[in-house]
Protein chains: 2
Amino acid sequence: MSQIRVAFIGLGVMGYPMAGHCQKAGFPVTVYNRTTVKAEQWSQEFGGDFAATPREAAEQADFVLVCVGNDEDVRSVMMGDDGVLAGIGQGSIVIDHTTTSAELARELNEAAHAAGAEFLDAPVSGGQAGAENGQLAIMAGGEASAFARAEPVFAAYGKAWDLLGPAGSGQQCKMVNQICIAGILQGLSEGLALAMSSGLDVEKVQKILSGGAAQSWQLENRAHTMARDEYDFGFAIDWMVKDLGYSLEEAERRGLTLPVASQVRSFYQELQAQGMNRCDTSVLLRRLIK
Amino acid sequence: MSQIRVAFIGLGVMGYPMAGHCQKAGFPVTVYNRTTVKAEQWSQEFGGDFAATPREAAEQADFVLVCVGNDEDVRSVMMGDDGVLAGIGQGSIVIDHTTTSAELARELNEAAHAAGAEFLDAPVSGGQAGAENGQLAIMAGGEASAFARAEPVFAAYGKAWDLLGPAGSGQQCKMVNQICIAGILQGLSEGLALAMSSGLDVEKVQKILSGGAAQSWQLENRAHTMARDEYDFGFAIDWMVKDLGYSLEEAERRGLTLPVASQVRSFYQELQAQGMNRCDTSVLLRRLIK
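Residues numbered from 1 in each chain as written. Chains lettered and ligands numbered in written order. Predicted model: local features only at pLDDT ≥ 70, side-chain atom pairs only at ≥ 80, totals over all residues. Heavy atoms only, no water.

Where an unreviewed UniProt entry is consulted, chain A appears under the name Putative 3-hydroxyisobutyrate dehydrogenase, with the organism given as Reinekea blandensis MED297. You can read under Sequence similarities (unreviewed entry) in the UniProt record for chain A the words "Belongs to the HIBADH-related family." (UniProt positions renumbered as here; feature names shortened; annotations may be inferred.)

Caption draft 1: Geometry of the overall build of chain A. Looking only at helices and strands, chain A has 13 helices and nine strands in total. Its C-alpha radius of gyration of 20 Å places chain A within 12% of the 19 Å reference for a compact globule of 290 residues. Summing over all exposed atoms, chain A offers an accessible surface of approximately 10,800 Å²; the carbon and sulfur share of this is 47%. Each charge class in chain A can be summarised by its mean position, and for the 22 positive and 35 negative side chains these summaries are 6 Å apart. (Helix = DSSP H or I, 4+ residues; strand = E, 2+ residues; numbered from the N terminus. Rg over C-alpha atoms; globule rule 2.2 N^0.38 Å. Areas by Shrake-Rupley, 256 points an atom, 1.4 Å probe, with all protein chains shown as cover. Lys, Arg positive; Asp, Glu negative; His and termini not counted. Charge placed at Lys NZ, Arg CZ, Asp CG, Glu CD.)

Caption draft 2: Main features of the side chain of B:Thr100. Tracing the chain through its elements places B:Thr100 in the loop between strand E5 (93-96) and helix H6 (102-114). Ignoring any residue separated from it by four or fewer positions in sequence, one finds B:Thr100 in contact with B:Asp71, B:Val74, B:Ala105, B:Gln171, B:Met175 and B:Tyr246. (Contact = heavy atoms within 4.5 Å.)

Caption draft 3: Quick look at the relation of the copies chain A and chain B. Here chain A sits on chain B after a turn of 180° about the axis and a move of 0.0 Å along it, with an RMSD of 0.0 Å. The transformation relating the two chain copies, once decomposed into turn and shift, fits a two-fold axis. Both copies present the same face, since 100% of the interface residues in chain A are matched by interface residues at the equivalent positions in chain B. (Least-squares fit on C-alpha atoms with pLDDT ≥ 70 in both.)

Caption draft 4: How the structure looks around the nonpolar core. Judged by nonpolar contacts, the single largest core of 95 residues is most densely connected at A:Cys173, A:Leu209, A:Tyr268, B:Cys173, B:Leu209 and B:Tyr268. The residues touching B:Cys173, leaving out its near neighbours within four places in the chain, are A:Leu200, A:Val205, A:Ile208, A:Leu209, B:Met139 and B:Leu164. (Core = buried A, V, L, I, M, F, W, Y, C linked by side-chain atoms within 4.5 Å. Buried < 20%, exposed > 50% of the residue type's maximum accessible area, 1.4 Å probe, protein only.)

Caption draft 5: Quick peek at the interface of chain A and chain B. Listed as interface residues are 58 residues of chain A and, on the opposing side, 58 residues of chain B. Carbon and sulfur atoms supply 70% of the area buried between chain A and chain B, which totals about 4,800 Å² over both sides. When residues of chain A are sorted by the area they lose upon contact with chain B, A:Glu190, A:Leu194 and A:Ile208 head the list and together hold 14% of the total. Inspection of the chain A/chain B interface yields two salt bridges. Applying the counting rule to chain A against chain B returns 19 residue pairs in polar contact (both at pLDDT 80 or more). Among the secondary structure elements, those contributing two or more residues to the side of chain A that touches chain B are strand E8 (136-142), strand E9 (158-165), helix H9 (169-197), helix H10 (202-209), helix H11 (217-227), helix H12 (237-253) and helix H13 (259-273) of chain A. (Buried area = accessible area lost by both parts, 1.4 Å probe. Salt bridge = Lys/Arg side-chain N within 4 Å of Asp/Glu carboxyl O. Polar contact = N/O pair within 3.5 Å; in protein donor to acceptor, adjacent residues only side chain to side chain.)

Caption draft 6: How the structure looks around the packing of helix H1 (residues 15-24) of chain A against helix H2 (residues 36-46) of chain A. Residue and element names in this part refer to chain A. One way to put it is that H1 packs onto H2 with a least axis distance of 10 Å and a crossing angle of 35°. Handedness of the crossing formed by H1 with H2: right-handed. Residues Tyr16, Ala19, Gly20, Gln23 and Lys24 of H1 touch H2, and the partners they reach there are Lys38, Gln41, Trp42, Glu45 and Phe46. For the contact of H1 with H2, the per-class residue count stands at four nonpolar, three polar and three charged. (Axes fitted to C-alpha atoms, helices over the stretch in contact; angles between N-to-C directions. Left-handed = near helix turned anticlockwise from the far one by under 90°. Nonpolar A, V, L, I, M, F, W, Y, C, P; charged D, E, K, R; others polar.)

Caption draft 7: Spatial organisation of the environment of A:Phe27. Residues and elements named next belong to chain A. Secondary-structure assignment places Phe27 in the loop between H1 and strand E2 (29-32). The spacing of Phe27 and Pro123 is 96 residues in sequence and 21 Å in space, taken between C-alpha atoms. When sequence neighbours within four positions are dropped, the list of residues in contact with Phe27 reads Ile4, Val6, Cys22, Pro152, Val153 and Ala156.

Caption draft 8: Fine view of the UniProt feature "active site" (unreviewed entry) in chain A. All names here are of chain A. Sites flagged by UniProt as "active site" (unreviewed entry) map to Lys174. You can see Lys174 is positioned in helix H9. Leaving out residues up to four positions away in the same chain, Lys174 has contacts with Thr99, Pro123, Val124, Met139 and Asp243.

Caption draft 9: Quick look at the UniProt feature "domain: 3-hydroxyisobutyrate dehydrogenase-like NAD-binding" (unreviewed entry) in chain A. The sites that UniProt annotates as "domain: 3-hydroxyisobutyrate dehydrogenase-like NAD-binding" (unreviewed entry) are residues 168-286 of chain A. Along residues 168-286 of chain A the backbone is 67% helical and 0% strand, and the end-to-end C-alpha distance reaches 34 Å.

Caption draft 10: Representation of the pairing of strand E5 (residues 93-96) of chain A in the model. Residue and element names in this part refer to chain A. Burial along E5 is two-sided: the face carrying Ile93 and Ile95 and the face carrying Val94 and Asp96 are both buried. Strand direction decides the pairing type here: strand E4 (residues 63-66) and E5, joined by four bridges, are parallel. The residue of E5 that forms the bridge with Val64 is Val94. In the classification by handedness, the crossover that spans E5, the intervening helix H6 (residues 102-114) and the parallel strand E6 (residues 118-121) is right-handed. (Pairing = 2+ DSSP bridges. Right-handed = clockwise from strand over helix to strand, strands pointing away.)

Right, dumping it as structure tokens:
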């Protein structure tokens, strides 16, 4: 079996370490990044190559991994004369780790097949720490044969991965994740607002609630930082506004109304307008107590 | 040290096994229940006594434990010529395990002190299973000296207990619990509505989400039953409507607006009106998909 060659497009806080894990796992990696200096830095750190365009990065690759910002960013690296699909080889697989709309995933799946390649939408959860530690959860959509071939690559930076269904299913699963988090964080914020205005010790409240039906990852990992008004870390609300936007579009496409996801998104937009766009998603508490 | 004598008022799905645990722990128990046949049944099963009125049950007790339905029920067993406070001994402790308003807890604390007794508000979480297995979490409010004396009693049916602050603090902590659950369940319902209408396998979604920031007790324990449209078990929305009602009153008293707790309560009221009042709180999904 010949060596698996990987191209990695997008060296942000997620992509940079993910590409590094691929190189360390023994897959020769060629990276592309819009800002070239970052690609040079990555190349120096991990020893892989860097390319001048997404097309050039894709040309020799068995897997082209993409991890950029949003639908528009994905389109810009995939399409056009310098895009991934212009350089992709027959039978190669494009894996988009960006959180995008499910509509885009379905569209790129078509486009990849038209170019003789395969496609998986595969958004991740676990954040920057998960990317750095190679402990991401990967939610994939696409064909089972492509998924099976991708598993050795996922193993380089993932702790869990599953195929949820056809193209777009990975994005839909990530939407479920973000919608759940929206409800959890708003409920937690409302609960802590009452606790704090009642003079309760949040540490005690967190401890006793964590043993029961109100338990959540957010309660265990964010109640303390929220009580200390600390939000300069974690998952920025700019990203959550984008993700919930795609979620609400997908819900509408299916005739669903998601009142709390919709409301929480509007709360985040309020906070963005107040300059808190880089704050962690747990910042919802700030809307409730001054 | 003389034996601790317990009176237990209210033999519902929670009180019946809790009183049993006290008797089995070696505290002689006298029970009172509005429906006498239940008290007789309890007495036959566990060997303790039963009394004709709350007053009579309280007369010889060091601890009077109350676990009934709502504020009105608590008032009716505490007050009046036949009530607990008419029979309570000097220095005895009343522990109210009912989930009530914090206002009632503060009022009963005053009334108990006026009668020469002490008071703890001590709502529980863990549900019927927790009561039966002696694994409840107990959130107490009141004086530290009373709390310290009560710990051997809590040990009979609790797995965790803490003193949150002065009278009413136990109820406030329970409110935080219920508010968190409201947000978690509505978020989970909206997420599962999208998952199911997208044709995703809920088991796979639950498994991959449980490893990350969307993890919750509700996701792990209710996603499967929700996907199967099973709601004839668990915590009835009748109780949740009551609990969230007290929570919203307490929030208003503190000048707080809790948009999601308020909205989820109105969703539960819709479901009550449709005859689903005994369904588990996870039934929120039924509002979203038919």
